[in-house]
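Remarks on the overall topology
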Amino acid sequence: MSKPSLITQDLTIRFGGHVAVNAVSCDFRPGELTVIVGPNGAGKTTYFNLISGQLRATSGRVLKDGTDLTKMAPSTRAHHGVGRAFQLTNLFPELSVLENIRLAVQARSGDGWRIFRSARSLTELTARAERYLEATKLQGVAHQAASELSHGDQRKLEVALLMAMEPDIYMFDEPTAGMSLDHAPDVLELIAEIKHDTSKTVLLVEHKMDVVRALADRIIVLHNGTLLADGNPEEVMSSQLVKDVYLGKGVEPA
Ligand SMILES: Nc1ncnc2c1ncn2[C@@H]1O[C@H](COP(=O)(O)OP(=O)(O)OP(=O)(O)O)[C@@H](O)[C@H]1O
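Source: prediction; values computed, not measured.

Cut-offs and rules
Residues numbered from 1 in each chain as written. Predicted model: local features only at pLDDT ≥ 70, side-chain atom pairs only at ≥ 80, totals over all residues. Near = placed C-beta within 6 Å. Helix = DSSP H or I, 4+ residues; strand = E, 2+ residues; numbered from the N terminus. Domains from an automatic or database assignment. Contact = placed C-beta atoms within 7 Å. Nonpolar A, V, L, I, M, F, W, Y, C, P; charged D, E, K, R; others polar. Buried ≥ 20, exposed ≤ 12 C-beta atoms within 10 Å, placed from the backbone. Pairing = 2+ DSSP bridges. Axes fitted to C-alpha atoms, helices over the stretch in contact; angles between N-to-C directions.

**Regarding the site of the ligand**
As a matter of local geometry, the ligand sits amid Phe15, His18, Ala20, Gly38, Asn40, Gly41, Ala42, Gly43, Lys44, Thr45 and Thr46. For the shell around the ligand, the secondary structure elements donating two or more residues are strand 2 (18-28) and helix 1 (44-52).

**Some thoughts on the domain arrangement of the protein chain**
Taken domain by domain, the protein chain comprises domain 1 (1-81 + 167-254) and domain 2 (89-166). A straight line from the C-alpha centre of domain 1 to that of domain 2 covers 27 Å. Between domain 1 and domain 2, the residue contacts involve 11 residues of the former and 11 residues of the latter. Here the side of domain 1 that touches domain 2 takes 3 residues from helix 6 (residues 184-196), the largest share from any one element. A breakdown of the residues in the side of domain 1 that touches domain 2 according to their chemical character gives 7 nonpolar, 3 polar and 1 charged.

**Side note on the environment of Leu162**
For Leu162, the position within the fold is in helix 5 (residues 151-164). Each C-alpha atom, one on Leu162 and one on Thr201, is 13 Å from the other, the two residues being 39 residues apart in sequence.

**Structural notes on unusual backbone geometry**
In this model, Asp65 sits at a positive phi of 45°, which is unusual for a non-glycine residue. As for its position among the elements, Asp65 is in the loop between strand 4 (59-64) and strand 5 (67-68). Positive phi, close to 45°, is recorded for Glu174, a residue that is not glycine. Relative to the helices and strands, Glu174 is located in the loop between strand 7 (169-173) and helix 6. Of the residues examined, Glu174 has 15 C-beta atoms within 10 Å and is grouped as partly exposed.

**Topic: the sheet that holds strand 5**
Taken in spatial order, the 4 strands of this open sheet run 2-1-4-5, and their pairing is antiparallel. Each edge of the open sheet is held by one strand with a lone partner, namely strand 2 and strand 5. Note that strand 1 (residues 6-15) and strand 2 share 7 bridges and pair antiparallel. Bridging across to strand 2, Leu6 finds its partner in Phe28. Here helix 1 sits on the sheet and contacts strand 1, strand 2 and strand 4; the angle it forms with strand 2, its principal contact strand, is near 60°.

Here it is, written out as structure tokens:
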């Protein structure tokens, strides 16, 4: 088994007297797509926020390839390879889809936001941007302003920008939420392709059970901020404890 790329150790956050994530310890490995499930208010998004840095832990640690990220800002975590779609503050609504992707490629290539250095590098950056444009099936809207995209295409652009940043850890929080049925399969296909790259670790928060079944290599279940179950999809979904939680039988946290 490969070494974990991402580890949370006793990760905890309190909001006043309420413990929203309670000592969650989990290892995530390259080549594995883990879906995080749990009833509303279980702590899934809060756990994501603790990993990507939108929230700081009350206690516990987040490690990426052995580096302690716990006290780092979201942008620093992104530089360390933790990629989350809505972290994309580098979206320029007035610029075209292709220009947005090219700027993300440029940021990743170490040129920062500096003006293109030469015509040759511009051509190279454009060629790389076009690969992500194709991968996300956005060629048809390449020259449209990002602000004019449909909701579905905007979500695809988020994935394209995320891919252009070449993170090691991909984090998706309900990636097909609010998306029409004709767009959702494209995004799910993209996530499936990312998961086939064995150097990438994918974390997904998802409510839709058909999406969970289609993509999950592993499922973890949060309940009242606590890790209730962790295992392969069949095992977890057939567990009585998990069924009880979803049927609302008021299970005590483990
Ligand atoms: N900033 C905050 N301040 C106070 N309480 C918060 C804050 N953020 C989250 N919580 C609480 O933490 C708990 C977990 O919320 P979270 O949004 O992580 O759950 P979730 O599993 O993602 O739920 P859902 O599936 O409904 O999105 C909830 O009780 C929520 O009210």
